[in-house]
Amino acid sequence: TEPVVRHPIFRAYFMQMLQEYRKRSAAVISAFQRPEAIIQAGLGEAIRGQAQTTFFFQNPQAQEREYADWGLTEREWLYIKGKLPQSRALHRSVLMKKATGESIILDTDLRPLGNLLRIYYSDEQSRALATKLMEQNGPDWLALYLDAGG
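The notes below deal with the structure included here. (Residues numbered from 1 in each chain as written. Predicted model: local features only at pLDDT ≥ 70, side-chain atom pairs only at ≥ 80, totals over all residues. Heavy atoms only, no water.)

Let's shift gears to the side chain of S87. Within the secondary structure layout, S87 lies in helix α7 (residues 85–89). Taking relative accessible area as the criterion, S87 reaches 5% and is therefore assigned buried. (Helix = DSSP H or I, 4+ residues; strand = E, 2+ residues; numbered from the N terminus. Buried < 20%, exposed > 50% of the residue type's maximum accessible area, 1.4 Å probe, protein only.)

Right, dumping it as structure tokens:
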């Protein structure tokens, strides 16, 4: 998102999306790798004012000044810095913060799903295998597909 919002035409459109799309029951999903980019683009107030949910990933190199405007609690900041015990215990996680101030650390590690993750594969080889197994085995294709590994 960052390089795009530097362009004045798209920046204006992005601001319009933030202000109008929620009224249309639509969502604006944007991602910034650098939190200071939001400040530099002059989007901080608009994003914070319109975003009902914000996700923060761990970043041990994070600087507190870059996150100062987000109203983080000490616990949330420790999570971002990777200093919270839960931060270290979870293989993959994200901090979800609601506009109400509530937050939760989500365990996003899907490894416990094992071979069920294969259902979400969308590469050409996986699609071809799924199609072949459907044609050859009818309703029994899924178990064979899951057992195929990958």
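Alternating residues of strand β1 (residues 53–56) divide into T54 and F56, all buried, and T53 and F55, none buried. As defined by bridge partners, β1 adjoins strand β2 (residues 93–98) across four bridges and the pair is classed as antiparallel. When the bridges of β2 are listed, F56 appears paired with L95. (Pairing = 2+ DSSP bridges.)

What follows is about the side chain of T54. Here T54 lies in strand β1. When its relative accessible area of 17% is taken as the criterion, T54 is described as buried. Ignoring anything within four residues of it in the chain, the contact list for T54 reads W70, L95, M96 and K97. (Contact = heavy atoms within 4.5 Å.)

Turning our eyes to something else, we now look at the layout of surface pockets. In this model, the largest pocket occupies a volume close to 850 Å³. Lining the largest pocket we find 28 residues, and of these S30, A31, T53, T54 and F55 sit closest to its centre. Where the lining of the largest pocket is concerned, the elements lending two or more residues are α2 (8–20), α3 (35–40), α4 (44–50) and β1. Among the elements that take part in the lining of the largest pocket, β1 stands out by supplying four residues, more than any other. For the lining of the largest pocket, a count of residues per class yields 19 nonpolar, eight polar and one charged. (1 Å grid on protein atoms, 1.4 Å probe; cavity = no way out; pocket = protein on both sides within 12 Å on 5 of 7 lines; lining within 4 Å. Points joined across faces, edges and corners; volume = space filled by probe spheres on them. Nonpolar A, V, L, I, M, F, W, Y, C, P; charged D, E, K, R; others polar.)

The subject of this paragraph is the nonpolar core. Core analysis: the largest hydrophobic core is formed by 23 residues, its most contacted members being L43, I47 and I80. For this core, the secondary structure elements donating two or more residues are α2, α3, α4 and α6 (74–81). Looking at which element gives the most residues to this core, the answer is α2, with four residues. (Core = buried A, V, L, I, M, F, W, Y, C linked by side-chain atoms within 4.5 Å.)

With that settled, the discussion passes to α6. Three or more residues of α6 are buried, namely E76, W77, Y79, I80 and K81. Summarising the contacts, the buried residues of α6 are in contact with β1, α5 (64–67), α7, β2 and β3 (103–107).

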